[in-house]
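# Observations on the model geometry
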Amino acid sequence: MSLPEPPGGGKNLRARLVKELVDFPVTWSLVLVYVSLFVLMTLMQGNLMVGGGPLTFLSLSVDTLVDFGAIDGRRIFEENEWWRLLTATLLHASVIHLVLNLSALIQLGRIVEDWYGGWALVVMHVVLGLAGSLASLWVHRMMPGRLIQVGGSGAIFGLAGFLLLATYFEDEEESPQMFRSLAISLLIGFGLGSFLGADDAAHVGGALAGAAFGTVDYAFKRDYWPKWFARLLGIGAASLIVVAFGGASLSYGEATARRQAEAIQAQKRVEEIRQGQLRRRAGAQLMTVYQYAVAASAQDNPPVLERRAERAALLNQLAGQIDDPALADYLRKVAGLLLATTDD
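So, a few notes on the structure that sits alongside this text. (Residues numbered from 1 in each chain as written. Predicted model: local features only at pLDDT ≥ 70, side-chain atom pairs only at ≥ 80, totals over all residues. Heavy atoms only, no water.)

### Some details on the packing of aromatic side chains
Here is the rule we go by: Centres within 6.5 Å are what make two rings of Phe, Tyr or Trp a pair, Trp counting through its six-membered ring; a difference in plane orientation under 30 degrees is then read as stacked, over 60 as edge-to-face, and the rest as tilted. A 1.4 Å probe rolled over the protein chains alone gives each residue an accessible area, and that area as a share of the maximum for its type sets the label: buried under 20%, exposed over 50%, partly exposed in between.
All told, the structure shown has 4 aromatic pairs when counted by the stated rule. With a centroid separation of 5.6 Å and an interplanar angle of 90°, the aromatic rings of phenylalanine 77 and tryptophan 82 are classed as edge-to-face. Judged by relative accessible area, tryptophan 82 falls into the partly exposed class, the value being 39%. Ring geometry for tryptophan 115 and tyrosine 116: centres 6.2 Å apart, planes at 70°, overall edge-to-face. Taken individually, tryptophan 115 and tyrosine 116 each receive the classification buried, so the pair is uniform in this respect. Aromatic ring contacts, followed pair by pair, group Trp115, Tyr116, Phe162 and Phe213 into a single cluster.

Here it is, written out as structure tokens:
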């Protein structure tokens, strides 16, 4: 039941890589999807944030995750975006989150693909990932706060639970040892996830679904189901992923358009506030000019004339900063009158 060792004992790296890709195409395709989506989200966000915890170190923002299809309880229930239950299983929030899930996926995915085939792995990743997402949604719905959840760990714990049951029912010599190893790995995974602040509900839900899914072990391994039926299930599962990310792309486009509209409105509001401040400043300067004009009419002395010239220059400067043509023209006329009085 152990995985076959590539020929050459590791001496030919290229041959080992080719053998890996040929023997486990679905596992490495899932790895590529995990990494590609994380890189794409990072590029769209522009940079990674340095969070305060282990799982948030070099992480993505909540807005980015939601735009790309994270589980968002409010949008699932209020806007019926149920496709998020599937897209979230392929997204990851941080570098540490991604690396931990990749290492587990490579180990467990290769075993499942070797024993049951690539289509079985596709079906199980989709079904068990959905089970983890539903468990997370159900548990967190009863808690206060907004639920935002991503990660393939629900599906990965489901694979571990599935293999645990599969090895339990096997009669081969290596089965008890692998059963113990998987059981210990599951316990360590649960403990590590809780310590790092991961979504325990998704982990437990995926593992329980995987254990239940293990009851169909013989249907996959002993070909109780025709191969065309397993292939049909796999194609259907892969199609669900495509449809789900189609919904995510529409949501991302709507979110981008909404943010652009909000930015335009915010810019307009800032400009309105700026113009209001300029008008208030202009009004205050006009009042000051009026006071100086009254003083100048009472006594035509040089200090007052000099200050009137300064005020006229300031009014011309304000007129150049104001977008209101009527007010700017009025300020220039007042400045012109002040300068004319100074020249007299």
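### Notes on helix 2 (residues 25-45)
Test applied: Runs of E in the DSSP output that reach at least two residues are strands. Runs of H or I that reach at least four are helices, and both are numbered from the N terminus. In a helix, the anticipated span is given by 1.5 Å times the number of residues less one. Our arc is simply the arc of the directions from the helix axis toward the C-beta atoms.
With 21 residues, helix 2 extends 30 Å from end C-alpha to end C-alpha; this agrees with the ideal 30 Å at 1.5 Å per step. Turning to helix 2, its buried residues number three or more, namely Val26, Thr27, Leu30, Val31, Tyr34, Leu37, Phe38, Met41, Thr42 and Gln45. The arc enclosing the buried residues of helix 2, seen along the axis, measures out at 155°, which places them on a common side. In helix 2, the exposed positions angled more than 90 degrees off the buried face are occupied by Leu32 and Leu43.

### A closer look at the packing of helix 7 (residues 118-141) against helix 8 (residues 153-169)
Test applied: Note on method: axes are straight lines fitted to C-alpha atoms, helices fitted across the in-contact stretch only, with angles between N-to-C directions ranging 0 to 180 degrees. Here a crossing is taken to be left-handed if its near helix is turned anticlockwise relative to the far helix by less than a right angle, and right-handed if that turn runs clockwise. A contact between two residues is defined here by any heavy atoms of the two lying within 4.5 Å. Residue polarity follows a fixed list, in which Ala, Val, Leu, Ile, Met, Phe, Trp, Tyr, Cys and Pro are nonpolar, Asp, Glu, Lys and Arg are charged, and the others, Gly among them, are polar.
Where helix 7 contacts helix 8, the axes come no closer than 8 Å and their chain directions differ by 115°. Between helix 7 and helix 8 the crossing geometry is right-handed. In this structure, helix 7 uses Leu121, Met124, His125, Leu128 and Gly129 to contact helix 8, whose residues at the interface are Gly154, Ala155, Gly158, Leu159 and Phe162. For the contact of helix 7 with helix 8, the per-class residue count stands at 6 nonpolar, 4 polar and no charged.

### Some thoughts on the side chain of histidine 203
Locating histidine 203 in the fold gives a position in helix 10 (residues 200-213). Among the residues examined, histidine 203 registers a relative accessible area of 4% and is labelled buried.

### So, the nonpolar core
This is how it is decided: Think of a nonpolar core as a cluster: buried Ala, Val, Leu, Ile, Met, Phe, Trp, Tyr and Cys residues, connected wherever their side-chain atoms sit within 4.5 Å.
Ranked by internal contacts, the top residues of the largest apolar core, which has 46 residues, are Tyr116, Met124, Leu159 and Leu163. Elements with a contribution of two residues or more to this core: helix 2, helix 3 (62-68), helix 6 (95-116), helix 7, helix 8, helix 9 (175-196), helix 10 and helix 12 (227-298). Other than its neighbours up to four places away in sequence, leucine 163 contacts Leu108, Ile111, Val112, Trp115, Tyr116 and Leu182.

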